[in-house]
Amino acid sequence: MADPSMTLHYTAPAKVWEHSLPIGNGRLGAMVYGRTTTELLQLNENSIWYGGPQNRTPRDALRYLEALRQFIRLGDSKETETLIRHAFFATPHSQRHYEPLGTLALEFGHDEAGIKNYRRNLDLENAVTNVWYDYQGSHYSRQAFASYPDNVLVIKVEASKKIEFTVRLTRVSEREYETNEFLDSLTATDGTILMHATPGGRHSNRLCCVVKVQCEEEGTVEAVGNCLIVNSCKATIVIAAQTIFRYKEPESIALSEAVKALLEPNLLRKHIENYKPLYGRCHLRLGANPVITTPTDERLVQSPDPSLVALYCNFGRYLLISCSRPGHNALPATLQGLWNPSFQPAWGSKYTININTQMNYWPANVGNLVECEDPLFDLLERMAERGKKTAEVMYGCRGWAAHHNTDIWADTDPQDRWMPATVWPLGGAWLCYHIWERYQFFGDEVFLKRLFPALKGCVQFLVDYLIEDASGRYLVTNPSLSPENSFLHEDKTQGVLCEGSTIDIQIIDAVFEAFVESVAKLQLKDELLDKVTKSRRRLPPMQIGRFGQLQEWLQDYTEVEPGHRHTSHLWALHPGNSITPSKTPSLAAAASVVLRRRAEHGGGHTGWSRAWLINLHARLGDAETSLLHLELLLKKSTLPNMLDNHPPFQIDGNFGGCAGIIEMLIQSHNGCIHLLPACPQIWREGKLNGVRARGGFEINFEWKSGKVVEPVVVMSELGRDGVLKFPDGVLVKFEGRGEHKLFSRNP
């Protein structure tokens, strides 16, 4: 029996996309339906986007910036928003959006009414999806996986006797009744289907997709029309795809990859040997490893048991490996990760950088998947170049800036024409915090030196963008907003734009600190250091409002939507760390009031928002409320295939939930490694191996009956001094490189 913390399994094929199972090699992926009549694989390649680079920077923004700032300071929302619409929205108003690669159909004609013993699963330990069933006295099985070393998708078809099936490739929308094909040409010959397509929009990434079939044991493949007829009891299908984003001649590269893959006798073994060491670095088990026979979709509608929580966490790490890996012109995970079935995806399936893209990478460091975040930093470096124009033309500032979205072309200009989100130039600053977080976990000075120019450019913008408030005492951002939220002025008119929103000040403080620390770590003499230090001292302190809550804005405005999905003003609690119960108890208490008020008014109603709440409550040490939100995430915001449901599908909730589970079990942001800081009573026993902590530490530990089994094993890669905090508060210090076996008291 497969490990229940490592396997999703089902007893029926997927009827819709939300039931299909994801595979991916970081660049190329598919959703596998597991059908018996016509098997369906919806395909994605992460450089297929509508259109090429655009020139959208609002050219008149700087001319009206001073007037805008005055309207905001006066609280004149009508004039503020009129000026924003006229001079600060970009044209065209949207960045580019992500598109599907195509659809592969395998026509078997095995009517479901005659199927017996059907099973399908997703094996997380080996990154393979399987289908098994019996039909009319014969046994059938299929495997599908996405090979990183061979750069192809692979489907293996086996039957107990020779069968005939048809292979078709097309490019249509996710609607199965769709008849419109979005492609340039489709040909089938010599066991190969070749598809060319050009996504809409000028200078888009022209693509080529290749499907090749190879039979074993005297099988045959015949091209008929634009499809392949396969007659065999064993066949291997490979899918390769490339675009001009990475290669000038995508057809020759894709063909070469497909041919080489079929010449490889050990495709599956190579795939597993490449994947398993990455996935196997970290593993969570909760509970006593029970035998689970209930299908995953049925488990999700029941009260979540601890082993289901562990499965969800491990699935999150599987997803990150599958949709974000380093490589040539690598791209990070979008709003839908790698798996987008639509030509008109929700929010463009772009990179939303006012929480969602950042949340995608919350498990990367702590979950021991450091290289999976590399594509994000590749994009960040390109944004730092594109963002120079945005900073100068819109705000008259040095350095670079990005607003609340970006795309494959690293676009940094305002996205949409939506007042509560569009004009917020701190998206890039939030991303820069990830530079420092990675360094804190792994201490890689080569990495820090490489990304320092991007960090410094961001800081240059922030220093220039800050202005004195009306009192002349503090430095604030203006224009500013709290992402996607609104407030009421005293006269009950609604407002969005403000001076110095709480999240702005929290992010700037953290990025300034990261800059100062980076200069010290890299032993640099930087002319910006003095200005940063002085500016940081003049940032306004966080404010506590009339309800005892941490204020979302400098003024204690009334919220338009008290249960809003964003909890942006708690950024300093998580993912930041300047609010902690031990060091800032009054601010931590005020943050707790925010969370209570959000919950009372229906907060957490989207998947990613619920995931953020798990992390926030974990930072407060509130185990049972963290568990409550985790259970709600699983029951109300998780699809049958365990993907997150905003709705519709967004992958950020998976990654935020995965990180939140780990945050409940170990934290390292507060100067020590704290074991079980928010572990609920129901998780009486468990084991967490290979988890990472800040300072260059890797930890293996186990607990039973709510108590840590000693010793705890800590591997120190950097040799820094460390402190381990046991659940009962006992602190144990250690130092030096290598393995440390730590006890709460002398053994």
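Residues numbered from 1 in each chain as written. Predicted model: local features only at pLDDT ≥ 70, side-chain atom pairs only at ≥ 80, totals over all residues. Heavy atoms only, no water.

## Some points on the overall build of the protein
The secondary structure content of the protein amounts to 17 helices and 30 strands. Taking 747 residues into account, the globule formula puts the C-alpha radius of gyration at 27 Å, and the protein, at 26 Å, falls close to it. Seen along its three principal axes, the alpha-carbon backbone of the protein occupies a region of about 85 × 70 × 50 Å. Within the protein, the proportion of its 747 residues that are buried is 63%. Considering only contacts in the protein between residues 6 or more positions apart, those separated by 24 or more positions represent 68%. For the protein, the accessible surface area stands at approximately 27,300 Å², while carbon and sulfur atoms represent 49% of it. Taking the 78 positively charged and 85 negatively charged side chains of the protein as two groups, their mean positions are separated by 3 Å. (Helix = DSSP H or I, 4+ residues; strand = E, 2+ residues; numbered from the N terminus. Rg over C-alpha atoms; globule rule 2.2 N^0.38 Å. Buried < 20%, exposed > 50% of the residue type's maximum accessible area, 1.4 Å probe, protein only. Contact = heavy atoms within 4.5 Å. Areas by Shrake-Rupley, 256 points an atom, 1.4 Å probe, with all protein chains shown as cover. Lys, Arg positive; Asp, Glu negative; His and termini not counted. Charge placed at Lys NZ, Arg CZ, Asp CG, Glu CD.)

## Quick word on the side chain of Gln 549
On the secondary structure map, Gln 549 appears in the loop between α13 (529–537) and β22 (558–559). Judged by its relative accessible area of 10%, Gln 549 falls in the buried class. Excluding anything up to four places from it in sequence, Gln 549 contacts Gln 543, Ile 544, Asp 556, Ala 590, Val 593, Val 594 and Arg 597.

## Quick look at the sheet that holds strand β26 (residues 697–704)
Ordered by their spatial adjacency, five strands build an open sheet running β15-β25-β26-β27-β30, and the pairing between neighbours is antiparallel. Of all strands in the sheet, those bounded by a partner on one side alone are β15 (283–286) and β30 (738–742). Going across the sheet, the axis of each strand differs from the next one's by a mean of 20°, ignoring polarity. Where β26 meets strand β27 (residues 707–716), seven bridges bridge the pair, whose relative direction is antiparallel. (Pairing = 2+ DSSP bridges. Axes fitted to C-alpha atoms, helices over the stretch in contact; angles between N-to-C directions.)

## Considerations on the packing of aromatic side chains
In total, this model carries 27 aromatic pairs according to the counting rule given. With a centroid separation of 5.3 Å and an interplanar angle of 25°, the aromatic rings of Trp 436 and Tyr 439 are classed as stacked. Here Tyr 439 and Trp 436 lie together in helix α10 (residues 427–442), a separation of three residues that amounts to about one turn. Three or more aromatic residues joined by ring pairs form one cluster here, namely Trp 362, Trp 430, Tyr 433, Trp 571 and Trp 612. For the cation-ring pair, Arg 119 lies above Trp 132, with the distance from its terminal atom to the ring centre recorded as 4.3 Å. The ring of Tyr 10 carries Arg 120 above its face, with NZ or CZ at 4.6 Å from the centroid. (Phe/Tyr/Trp six-rings, centres within 6.5 Å; stacked < 30°, edge-to-face > 60°. Lys NZ or Arg CZ within 6 Å of the ring centre and 35° of its normal.)

## Examining the sheet that holds strand β21 (residues 494–495)
What the three strands build is an open sheet, ordered β21-β20-β22; its pairing is antiparallel. One side of each edge strand has no neighbouring strand; the edge strands of this open sheet are β21 and β22. For strand β20 (residues 487–488) and β22, the ladder comprises two bridges, and the chain directions are antiparallel. Residue pairing for β22: Leu 488 is matched across the bridge by Thr 558.

## Regarding the packing of helix α15 (residues 607–619) against helix α16 (residues 623–636)
α16 packs onto α15 with a crossing angle of 165° between their chain directions and a minimal axis gap of 8 Å. Between α15 and α16, the angle falls in the class roughly antiparallel. Both α15 and α16 take part in a crossing whose hand is left-handed. Here Gly 607, Arg 610, Ala 611, Leu 613, Ile 614, His 617 and Ala 618 of α15 come into contact with α16, specifically with Thr 625, Ser 626, His 629, Leu 630, Leu 632 and Leu 633. (Parallel < 35°, antiparallel > 145°, perpendicular 65-115°, else oblique. Left-handed = near helix turned anticlockwise from the far one by under 90°.)

## Observations concerning the nonpolar core
With 221 residues, the main nonpolar core has Phe 88, Leu 104, Val 167, Tyr 318, Trp 683 and Ile 699 as its most contacted residues. Leave out the neighbours within four places in its chain, and Tyr 318 touches Pro 22, Ile 23, Leu 122, Leu 124, Ala 127, Tyr 275 and Tyr 279. In terms of nonpolar packing, the next biggest core, distinct from the first, is built from 14 residues, Val 154, Ala 254, Ala 258 and Leu 267 among them. (Core = buried A, V, L, I, M, F, W, Y, C linked by side-chain atoms within 4.5 Å.)

## Overview of the side chain of Asn 365
Structurally, Asn 365 is set in helix α8 (residues 362–366). Discounting chain neighbours no more than four positions away, the residues touching Asn 365 are Glu 373, Glu 437, Arg 438, Phe 441, Phe 442 and Arg 692.

## A short note on the environment of Thr 422
Counting through the fold element by element, Thr 422 comes out in the loop between β17 (405–406) and α10. In the structure, Thr 422 is positioned 338 residues away from Ile 84 in sequence and 9.6 Å away in space, judged by C-alpha atoms. A polar contact is formed between the side chain of Thr 422 and the backbone oxygen of Gln 415, at a distance of 2.9 Å. Of the polar contacts made by the side chain of Thr 422, one reaches the backbone oxygen of Asp 416; its length is 3.4 Å. (Polar contact = N/O pair within 3.5 Å; in protein donor to acceptor, adjacent residues only side chain to side chain.)

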